[in-house]
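Descriptive structure summary
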Amino acid sequence: MIVPFDRLFVWSVILGICLSFPLNSQAAEEPRKVILLKPERFELANGPCMMFWLRGANGNKYQIESAPAKFASRWWARWTPVDFELRSDGPVLCVDLETYGLNRLEYRAVLVDEETAFSGTLPPTTEMIWIDPGAFVMGSSTHDLDRDDDERPLTVIRLTQPYALGVHEVTQLQFVPVMGYNPSRFKFDPSHPVTNARWEDAMEYCRRLTILERAAGLLGEDYKYRLPTEAEWEYGCRAGSTTRFHYGDDPDYELLAAYAWYGKNSGGSTHPVMTRLPNAWGLHGMHGNVHEWCLDQYDFLPGGYVEDPIGGKGGDLYVIRGGSWLELGKDCRTSDRHRNWFTSYVGNVGFRVALVAEE
Ligand SMILES: [Ca+2]
Ligand SMILES: [Ca+2]
């Protein structure tokens with residue numbers, strides 16, 4: 001995936017300044033080429049930021065990863081969800097304007113070689129449901145006595161582009177061929193959703209699936225997989241409904257067990273996908289089984305009217321949705337919002353993929 005340079009301004013400012021400047025770099029961690037970067041803290045008018053210089057060959061594509069130094073063992077995670085391509089031999093000054101208040105203290109650049117970066121194989125077909133553009137109200141009303149504060153203010157959202165969602169959560173059967181390992185808490189049946197996948201693992205799965213399906217002629221260059229935004233997730237879950245669950249309000253949670261594996265009926269584990277009733281658009285597991293990572297950083301709902309939102313000034317907390325085998329019924333409601341450190345491995349969190357047009 002080659003991303004236009006200016007695309008990165010969404011996440012940060014990358015300035016191409018060709019100056020001679022000392023660079024702390026070393027080759028390590030074969031087969032991935034890794035350049036450890038030496039960040040420096042600078043004070044800007046609106047707060048501190050981190051800067052570092054990257055030297056590489058013109059045309060090389062790098063993924064910048066960061067780690068919170070507070071962890072003894074580094075938890076490298078993507079700084080940006082996109083790769084960027086050097087347009088000169090560098091050095092290039094990279095500025096992380098979003099670091100203040102966050103834990104991104106160490107940085108490295110990993111050379112992206114899409115031909116050899118991984119040895120994954122095509123997983124079983126990912127069945128997708130296409131969803132037309134449309135508008136809906138995100139959040140919950142005062143009629144919902146179990147609503148949490150972060151489900152308001154109600155926000156009118158219009159999704160302007162068609163997209164598709166996986167019919168079910170990504171299973172271990174799908175995850176393992178692509179990623180080469182199974183992180184799941186419950187491994188006794190590969191038709192269970194994958195769990196213990198970090199946010200960046202889910203993002204990497206989407207990136208690899210895109211490459212694999214394109215190489216096999218199953219996916220055009222103009223489409224890609226990624227995590228759904230929180231708005232895409234809730235719109236898909238609602239399937240036109242305005243009630244607490246996609247099948248109705250269910251005030252006493254009497255019907256939930258027919259649609260969801262959750263704390264009251266799961267027996268303390270995940271279950272094979274598509275073994276509860278789907279919503280009106282044919283999506284399974286939108287309530288329960290595993291929480292699902294979204295693309296967005298966690299933040300409060302903006303209120304008002306928003307088009308195609310991608311939430312996000314919440315730092316390293318990312319949105320998970322839908323409840324899980326572990327939760328109470330209230331935590332499986334359509335509008336209920338959860339969050340997790342994007343570096344965390346959790347036994348009740350998985351994901352489903354979205355398919356969207358390449359920008
Ligand atoms: Ca789910
Ligand atoms: Ca909540």
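Residues numbered from 1 in each chain as written. Chains lettered and ligands numbered in written order. Predicted model: local features only at pLDDT ≥ 70, side-chain atom pairs only at ≥ 80, totals over all residues.

**With respect to helix α2 (residues 199–215)**
- Under the 1.5 Å per step criterion, the end-to-end length of α2 is 25 Å for 17 residues, consistent within 8% with the ideal 24 Å.
- Of all 17 residues in α2, 12 are buried; the element is thus mostly enclosed.
- Residues Trp 199, Asp 201, Ala 202, Met 203, Tyr 205, Cys 206, Arg 207, Arg 208, Leu 209, Thr 210, Ile 211 and Glu 213 constitute the buried set of α2.
- Count one or two residues on from α2 and you reach Gly 217, which has phi positive near 75°. (Helix = DSSP H or I, 4+ residues; strand = E, 2+ residues; numbered from the N terminus. Expected span 1.5 Å × (residues − 1). Buried ≥ 20, exposed ≤ 12 C-beta atoms within 10 Å, placed from the backbone.)

**Description of the nonpolar core**
- Ranked by internal contacts, the top residues of the largest apolar core, which has 42 residues, are Ala 202, Tyr 205, Cys 206, Leu 227, Trp 293, Cys 294 and Ala 354.
- Listing elements by their share of this core, those giving two or more residues are β12 (155–159), β13 (163–166), α1 (172–179), α2, α3 (230–238), β15 (291–297), β17 (317–321) and β20 (354–357).
- No other element matches the six residues that α2 contributes to this core.
- Formed by 14 residues, the second largest nonpolar core is a distinct cluster that contains Phe 52, Leu 54, Tyr 62 and Leu 86. (Core = buried A, V, L, I, M, F, W, Y, C linked by C-beta atoms within 7 Å.)

**Remarks on the environment of Thr 126**
- For Thr 126, the position within the fold is in the loop between β9 (104–111) and β10 (128–131).
- Expressed as a C-alpha distance, the spacing of Thr 126 and Val 167, which sit 41 residues apart in the sequence, is 7.9 Å.
- Contact partners of Thr 126, with chain neighbours within four places excluded, come to Gly 166, Gln 174 and Val 353. (Contact = placed C-beta atoms within 7 Å.)

**Considering the sheet that holds strand β18 (residues 337–341)**
- Sheet architecture is open: four strands sit in the order β18-β17-β15-β19, paired in mixed fashion. The sheet is open, and its two borders are formed by β18 and β19 (349–350), each paired with just one other strand.
- Against the sheet, α3 makes contact with β15 and β17, and its axis sits at roughly 140° relative to β15, the strand it touches most. (Pairing = 2+ DSSP bridges. Axes fitted to C-alpha atoms, helices over the stretch in contact; angles between N-to-C directions.)

**Observations concerning α1**
- By the burial criterion, the buried members of α1 are Gln 172, Gln 174, Phe 175, Val 178 and Met 179. Axial view of α1: buried residues confined to an arc of 160°, hence all on one face.
- If you follow the buried residues of α1, they end up packed against α2.
- Looking at the residues trailing α1, positive phi occurs at Gly 180, about 85°. (Arc of directions from axis to C-beta.)

**What about the packing of α1 against α2?**
- Viewed as axis vectors pointing N to C, α1 and α2 meet at an angle of 75°, and their least axial separation amounts to 10 Å. The angle between α1 and α2 falls in the class roughly perpendicular. Residues Phe 175, Val 178 and Met 179 of α1 form the contact with α2, whose own contacting residues are Tyr 205, Arg 208, Leu 209 and Leu 212. (Parallel < 35°, antiparallel > 145°, perpendicular 65-115°, else oblique.)

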